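# Structural overview
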Amino acid sequence: NAGVTQTPKFRVLKTGQSMTLLCAQDMNHEYMYWYRQDPGMGLRLIHYSVGEGTTAKGEVPDGYNVSRLKKQNFLLGLESAAPSQTSVYFCASSYERDRAFFGQGTRLTVV
Amino acid sequence: GDSVTQMEGPVTLSEEAFLTINCTYTATGYPSLFWYVQYPGEGLQLLLKATKADDKGSNKGFEATYRKETTSFHLEKGSVQVSDSAVYFCALSDRPGNTPLVFGKGTRLSVIA
């Protein structure tokens, strides 16, 4: 009964470092999303996927890359972290047009 | 493109007060509409949803009615509790397929005893 699991939950990076956030879902959902949440900004879509092997850009894709090699996993990569990428990152999954299930979030600080 | 506009917060209410959080949307298709809630330190969870015009979604005393003519989906609760303090997000998922969820900016609600 895991739902959507994000790893890690917390991370501190130095400027210029790289990292990958992993999102895993066990509900066989086609759609997966990565959002960032900043104070006063609500949720902003970074990238999303409508099925295995597909990805698409969202509202704020610059500085991020994604991959969906397996249906259950959606990876978000930061190649060269910047302080502006300090945020809380949420992964979500859904069936088409249906409710989304969210992970617990990853709090990332770039110093 | 699709968008969701919800009232700016924060909203502070006394316990047992009536709550309304306004939400309006623009969509190219015929969307499903949602309210999500985020408690401190947690991810978002679905509060209620409606998939067609005049549908009323309800859960935990909260209600919202899908009004196609006014493109609105306002959240209401007759008597709020301290435990309702959270951030509330209005969202839509549009036709056709392959369109991602679109969220409003969220409204922070604080309920004081």
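Reading the values: the criteria
For every chain, the first residue of its written sequence is number 1, and the numbers climb from 1 along that sequence. Written order determines the labels here, with chains lettered from A and ligands numbered from 1. Given that the model is predicted, a residue must reach a pLDDT of at least 70 before its local features are reported, and side-chain atom pairs must reach 80 or more before they are shown or counted; all residues, however, enter totals for whole chains, interfaces and linings. Processing note: side-chain calculations cover all non-hydrogen atoms of the structure and skip hydrogens and water entirely. Only DSSP runs of H or I reaching four residues or more are called helices, and only runs of E reaching two or more are called strands; each is numbered from the N terminus. This radius of gyration counts C-alpha atoms alone. The globule rule is 2.2 Å times how many residues there are, raised to the power 0.38. Summary of the burial criterion: residues with accessible area below 20% of their type's maximum are buried, those above 50% are exposed, and those between are partly exposed, where the area comes from a 1.4 Å probe applied to protein chains only. To form a nonpolar core, buried Ala, Val, Leu, Ile, Met, Phe, Trp, Tyr and Cys residues must be joined to one another through side-chain atoms within 4.5 Å. Should any heavy atoms of two residues lie within 4.5 Å, those residues are considered in contact. In what follows, salt bridge is the name for a side-chain nitrogen of Lys or Arg lying within 4 Å of a carboxyl oxygen of Asp or Glu. Here the quantity called buried area is the total loss of accessible area, with a 1.4 Å probe, experienced by two parts when brought into contact, counted for both. The term polar contact refers here to a pair of N or O atoms within 3.5 Å; inside protein, the definition further demands a hydrogen-donor-capable atom paired with an acceptor-capable atom, and it admits residues adjacent in sequence only when both atoms are side-chain atoms. Each residue receives one of three labels: charged for Asp, Glu, Lys and Arg, nonpolar for Ala, Val, Leu, Ile, Met, Phe, Trp, Tyr, Cys and Pro, and polar for the others, Gly being one of them. Stacked, edge-to-face and tilted labels apply to pairs of Phe, Tyr and Trp rings (six-membered ring for Trp) whose centres lie within 6.5 Å, assigned for plane angles under 30 degrees, over 60, and everything in between, in that order. Strands pair, by our definition, only if DSSP identifies at least two bridges between them. Angles here are taken between N-to-C directions and fall from 0 to 180 degrees, while the axes themselves are lines fitted to C-alpha atoms, restricted in helices to the stretch in contact. Disulfides are defined in this document as cysteine sulfur pairs within 2.5 Å.

Here we take up the overall build of chain A. From N to C terminus, chain A includes 0 helices and 11 strands. Each helix (α) and strand (β) of chain A, taken in turn from the N terminus, gives the series β-β-β-β-β-β-β-β-β-β-β. On C-alpha atoms alone, chain A measures out to a radius of gyration of 13 Å, which is about the 13 Å that the 2.2 N^0.38 rule sets for 111 residues. Along the three orthogonal principal directions, the C-alpha set of chain A runs to about 35 × 25 × 25 Å. Taking all 111 residues of chain A together, 50% fall into the buried category.

Here we take up the nonpolar core. All names here are of chain B. Among the nonpolar cores identified, the biggest contains 27 residues, and W35, L47, L48, F73, L75 and Y88 are the most heavily contacted of them. By residue number, the principal contributor to this core is strand β10 (residues 86-93), which donates 4 residues. For L75, the contacting residues outside a window of four places in its chain are L19, T20, I21, W35, L47, L48, F62, E63, A64 and Y88.

Across all of its chains, the model carries 7 salt bridges over all chains by this definition. Across the pair D55(B) and K52(B) runs a salt bridge, and its minimum N-O distance is 3.4 Å. Here the salt bridges do not stand alone but share partners, grouping R36(A), D38(A) and R44(A) into one network.

Another aspect to go through is the interface of chain A and chain B. Facing 20 residues of chain A, the contacting portion of chain B comprises 23 residues. Here chain A and chain B share an interface that buries about 1800 Å² over both sides, 52% of which is from carbon and sulfur atoms. Linking chain A with chain B are 0 salt bridges, by the criterion used here. Linking chain A with chain B are 3 residue pairs in polar contact (both at pLDDT 80 or more). Elements with a minimum of two residues in the side of chain A that touches chain B: β4 (31-38), β5 (42-49) and β10 (100-102) of chain A. Classifying every residue of the side of chain A that touches chain B by side-chain character gives 11 nonpolar, 5 polar and 4 charged.

This brings us to the environment of K9(A). Residue and element names in this part refer to chain A. Positionally, K9 belongs in the loop between β1 (4-7) and β2 (10-13). According to the relative accessible area criterion, K9 is partly exposed, its value standing at 47%. C-alpha separation for the pair K9 and Y35, spaced 26 residues apart in sequence, amounts to 15 Å. If sequence neighbours within four positions are ignored, K9 has contacts with G105, T106 and R107.

To continue, consider the packing of aromatic side chains. By convention here, two paired aromatic rings are described through the distance between centres and the angle between planes. All names here are of chain B. Applying the stated criterion across every chain yields a total of 13 aromatic pairs over all chains. Note on Y30 and Y66: the rings are 6.0 Å apart at their centroids and 70° apart in plane angle, and the pair reads as edge-to-face. Residue Y30 is located in the loop between β4 (23-26) and β5 (32-38), and its partner Y66 is located in the loop between β8 (62-65) and β9 (75-77); the two are separated by 36 residues in the primary sequence. Given a relative accessible area of 0%, Y66 falls into the buried group.

Moving on, we get to the sheet that holds strand β7 (residues 64-67) of chain A. All names here are of chain A. Spatial strand order, β1-β3-β8-β7: 4 strands in an open sheet with antiparallel pairing. One side of each edge strand has no neighbouring strand; the edge strands of this open sheet are β1 and β7. Across the sheet, the mean angle from the axis of one strand to that of its neighbour is 20°, orientation sign disregarded. Inspection of the sheet shows β1 paired to strand β3 (residues 19-25) by 4 bridges, in the antiparallel sense. Bridge pairing in β3 places T7 opposite L22.

Residue and element names in this part refer to chain A. Following the sequence through the fold, A56 ends up in strand β6 (residues 56-57). Judged by its relative accessible area of 25%, A56 is partly exposed. As a C-alpha pair, A56 and I46 span 10 residues in sequence and 9.0 Å in three-dimensional space. When sequence neighbours within four positions are dropped, the list of residues in contact with A56 reads H47 and Y48.

What follows concerns the state of the cysteines. Applying the stated criterion to the full structure yields 2 disulfides over all chains. Bridging C23(A) to C91(A), the disulfide has an S-S length of 1.8 Å. Across the disulfide from C23(A) to C91(A), rotation about the S-S bond amounts to roughly -75°, and the bridge is consequently left-handed. Here C23(A) is found in strand β3, whereas its partner C91(A) is found in strand β9 (residues 87-94), with 68 residues between them in sequence. Each member of the pair, C23(A) together with C91(A), is buried. Between the sulfur of C23(B) and that of C90(B) lies a disulfide, 1.9 Å long from S to S. Here the disulfide of C23(B) and C90(B) is left-handed, its torsion about the S-S bond being about -70°.

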